[in-house]
Amino acid sequence: MVLFFIFSFSSCKQEDININLSERDIKVIGHGGMGIGQVYPMNSYESIMYALTLGSDGVEIDVQMTKDGVLVAFHDEELDIKTNKKGKIHEQNWNEIKNAQYTSSAPYTKYRVIRLEDIFEHLPNLENYVFSLDIKSFSSSTSPVYYNQLNTALISLLEKYEQKRNLNLNKVYIELKRTDLIESLQKERPNYQIFAYEDFEIAMEKARKYNLRGITVQTDNLTKENVEQAHQEGFLVATLNTHSNNKNIEAINKGVDYIQTDKVKHLLKVLK
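Treat the numbers as computed from the prediction; the structure is a model and nothing was measured.

Undergrad: I'd like a rundown of the nonpolar core, residues and numbers included.
TA: Ranked by size, the top nonpolar core spans 63 residues in total, and within it Ile-61, Phe-120, Phe-131, Leu-133 and Leu-158 carry the most contacts. Once residues lying within four places of it in the same chain are set aside, the contact partners of Ile-61 are Asn-43, Ile-48, Ala-73, Leu-116, Ile-119, Phe-131, Ser-132, Leu-133 and Asp-134. Counting residues in each nonpolar core, the second largest holds 11 residues, with Val-70, Leu-79, Ile-89 and Trp-94 among its members.

Listed below in structure tokens is the structure:
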């Protein structure tokens, strides 16, 4: 009986991690650092640093721009959802929100909302990591002034840290949903690694039209056949919303290039 249970348990575990690895090198990308529902708030320096310290290939960071052109690492449109400040980032200057602290974290610990520059300034070995920048454009502005401000802020920061701290721009992937923002950034920097973030068919249309580097698609809206098609056309594929161990396995078996995972430790254990 003991042997039977040992064999049964082993079989279950083996079935749970039935992985079909191709020759592709799948990158472990921490979603906002360690992911949703973890001890550290997403996009905090502590969450990002911990994911990289564990051995992740890189991190996904949500990026918004303040009214005065400062790039901030934050996910939600409204600050008061998770912090002690109120309002929207794009409607305020950096000085108005620079002391914002997360309220959804562990007690007696203060985690701050930070600029993208703070991350690039303080992370060690910057050149070793992949950075997937999800540009959150909650502003409805379609003015060329807005495009120019966003492009200037992004380009200036990336190229500053390329020179200052050896940031590898070939490892910086910029995720954009809005076609107008894709067009404007592509015009300014055609060599940047831009990913269209959409459902598969729309993402592929944009990737083809603008000769982008890849696409980002939520894992539940992505099939193995989709990934194979994208690869045949020369596009890289990133996926997200892998909120569980099983979703990690599904993403691996679909053959994607980048998994933006909320289960960093599990994915590292499986792939590394």
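After that view, the rundown keeps rolling.
Undergrad: Explain the side chain of Asn-151 to me, and be specific about the residues and the numbers.
TA: Mapped onto the elements, Asn-151 comes out in helix α5 (residues 144-165). Excluding residues within four positions of it along the chain, Asn-151 makes contact with Ser-156, Ser-184, Leu-185 and Glu-188.

Undergrad: I'd like to hear about the pairing of strand β10 (residues 258-261), residue by residue, with values.
TA: For a regular strand, side chains alternate in direction, first toward one face of the sheet and then toward the other. By the alternation rule, side chains of β10 split into Tyr-258 and Gln-260 and Ile-259 and Thr-261, which are all buried. Of the strand pairs in this sheet, strand β1 (residues 27-31) and β10 are connected by four bridges, and their pairing is parallel. What sits directly across from Lys-27, in β10, is Tyr-258. Relative to β10, strand β9 (residues 236-242) runs parallel, the two sharing three bridges. Of the residues in β10, the one forming a bridge with Thr-242 is Thr-261. Read as a crossover between parallel neighbours, the route from β9 over helix α9 (residues 245-254) to β10 is right-handed.

What counts as what
- Residues numbered from 1 in each chain as written.
- Predicted model: local features only at pLDDT ≥ 70, side-chain atom pairs only at ≥ 80, totals over all residues.
- Heavy atoms only, no water.
- Core = buried A, V, L, I, M, F, W, Y, C linked by side-chain atoms within 4.5 Å.
- Buried < 20%, exposed > 50% of the residue type's maximum accessible area, 1.4 Å probe, protein only.
- Contact = heavy atoms within 4.5 Å.
- Helix = DSSP H or I, 4+ residues; strand = E, 2+ residues; numbered from the N terminus.
- Pairing = 2+ DSSP bridges.
- Right-handed = clockwise from strand over helix to strand, strands pointing away.

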